[in-house]
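# Working through the structure, step by step
Given next are the chains, with one letter for each unit.
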Amino acid sequence: MPSTEAITVLLVVVGTMALFIWQKWRVDLVALCSLVALLLLGRIDISGALSGIASPATATVAAMFVLSAGLVRTGLVDWLARHLDRLAGRSLGRLLLVLCLTSAALSAFVVNTAIVAVLIPVTMALAQSRRIPASRVLIPLSFASQFGGVCTLIGTSTNILMSTIAVENGLPPFGLFEFAPLGLVMSAIGVLYLLLTAPRMLPRRRSGGERVDQYRLADYLIEMVVAEDSPLIGQRWRDAPEETEEIDLIKLIRGDRASWRATATRMRAGDRLLLRGNVGTMMKRRDRLGLESISDTAVGDEQLSSAEMRLVEALVPPRSSLAGRTLRSVGFRRRYGCMVMAVQRRAKRLRERLADIHLQGGDTLLLQCEADDVARLLRSPDLIVTNEVTDLHVRADRALIALGMLVLMVGLTASGLVPIVTAALIGAVGMVLGGCLRIEEAYEAIDWQVIFLLAGVIPLGLALQQSGAAQWLAAGLLHPLVSAGPVAVLAGLYLTTAILTETMSNNAAAVLLAPLAISVALLQQVDPRPFLVAITFAASTSFATPIGYQTNTMIYAPGGYRFFDYTRIGGPLNLLFWFVAVLLIPRLWPF
């Protein structure tokens, strides 16, 4: 039987995993709650509690976010992306090949969420110019970024984390290109798989159609006329009575002239008003406001846009400062000059009480903007405009410095002159001193959710080892696999990690399973390195759901996908990678 200490730690682990899978709380909050629970239960001391925030893995991951931001902000990544048009040909197959190779190659050295953020609008423009649905190319873009991430030590935060765990358990750190042989094989297999299956298995969902239909806005838009006896006559909409709450005035038409953002215009009898809100609510208030419905009037994109007014779709990326906040609290309309017409959250369309909805990473906003305000959106690091491509601005001198910092970091790490954390910090500080980033931009570039996730889950992994819980699980629950040999254990660890990664944070899954892998290796008296490699690859490649990896979430709405689109094409790919890993890891990293 496990000790009392092991049982309490296991209870904390089970509770933490349940909260991760529940997904109602942010993953960093869940991780910090588990840390506090361990402290209160006395299962970890202060030094152990601080082992996460003080870990070399945490510092390295933070520095890599800064390095990646320097490469993106100087325009270097954007410049490379803009040259894809000449290489992509006119066919779907060639476009897929170029996008996959580009995404994988860049993601080997730059944080893949940043790469996908840059490539989404470029990919959609390339697809549109070739009359190819975006749904045929965005999933391959996301998957390929994950292929590239497992080719180098700096490709994903999970790789860096597992290297640190190896060192803490007396093993040599993983080399910068140690994952490359297996990573390149898996990348080649993955790209070939996508070339063969994407044209057949991915849906043909046309983008660029009527956005009123896509966001199902027909029941939230209505045209009305100001009656002769309306109490609104002589008033401005923004000063009108409380009856106008939750109803937005989008356009006022007077004669042949349309006025956008007409909330400051004093209304007259006969004015036609295009209103947005719950149609049922508007019809109930119609008589009190002195408005008359216009029968048989269908509102489409044409009524919502013009030469000076545009409909724009913008994605909230995972590290956006808007995530977790409401439109009202950030003063969205004042900040960007845009009206939010609807929000798409995965398969859901949100159209009511938008000002009070807490935004999430991966949300897509349908915005109505004046043409001059689109440029402000394109410059914002907190939104990715998916149906517009930004003007290319390359700061050539700074781009060369950014590239030099990356090369320096890679060279120092590959040569073994300094540890990876030192090399990464040198590169990050060099980005700021070289003028590639301001210090404020460097802080903004760091995904603090990932940093505090690591701060919470690393001590949890430590508690699993110190309490004896990992050893008990290895000797008890995994006994059938242990008796079957190390290859069976490797297969079980890879599959378990892959399943957990589809439902919870990949870093959390890796940290929780690493102590188990090391305990099993001690029982079998084999090298734990192959087990750690299996966990690393399984945690860094998540294809079967849109929630298993941030890049999958990012392309969900722009591609018009449904949940099982990922499962249909990604599930077999996960199984294929599992087979390849079980076959090759023991040969590349012998037990």
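Figured I'd write up the structure that's included with this text. (Residues numbered from 1 in each chain as written. Predicted model: local features only at pLDDT ≥ 70, side-chain atom pairs only at ≥ 80, totals over all residues. Heavy atoms only, no water.)

Here we take up the sheet that holds strand β9 (residues 364-370). Across the sheet, 5 strands lie side by side as β8-β7-β9-β6-β10; this open sheet has antiparallel pairing. Whereas interior strands pair on both sides, the edge strands pair on one side only; in this sheet they are β8 (348-350) and β10 (384-385). By the bridge criterion, 6 bridges tie strand β7 (residues 338-345) to β9 in an arrangement that is antiparallel. For Val340, the partnering residue across the bridge sits in β9 and is Leu367. Lying on the sheet, helix α17 (residues 371-379) is in contact with β6 (309-315), β7, β9 and β10; it crosses β9 at an angle near 140 degrees. (Pairing = 2+ DSSP bridges. Helix = DSSP H or I, 4+ residues; strand = E, 2+ residues; numbered from the N terminus. Contact = heavy atoms within 4.5 Å. Axes fitted to C-alpha atoms, helices over the stretch in contact; angles between N-to-C directions.)

Evaluated as defined, the whole model comprises 16 salt bridges. The partner of Arg335 in a salt bridge is Asp382, with the nearest N and O atoms 3.1 Å apart. With Arg335 in helix α16 (residues 332-336) and Asp382 in the loop between α17 and β10, this pair connects stretches of sequence that are 47 residues apart. Residue classification places Asp382 among the buried positions, given a relative accessible area of 10%. Notably, a salt bridge pairs Asp565 with Arg568, separated by 3.1 Å at the nearest N-O pair. (Salt bridge = Lys/Arg side-chain N within 4 Å of Asp/Glu carboxyl O. Buried < 20%, exposed > 50% of the residue type's maximum accessible area, 1.4 Å probe, protein only.)

Paired through backbone hydrogen bonds, the strands of a sheet run either parallel or antiparallel to each other. Spatially, 5 strands are ordered β3-β2-β4-β1-β5 in an open sheet, and the strand pairing comes out antiparallel. Two strands in the sheet have a free side with no partner beyond their single neighbour: β3 (257-260) and β5 (291-293). Going across the sheet, the axis of each strand differs from the next one's by a mean of 30 degrees, ignoring polarity. When strand β1 (residues 221-226) meets strand β4 (residues 272-276), the two strands line up antiparallel, connected through 5 bridges. Paired with Glu223 across the two strands is Leu274, which belongs to β4. Of the strands in this sheet, β1, β4 and β5 are in contact with helix α13 (residues 279-289), which crosses β1 at around 5 degrees.

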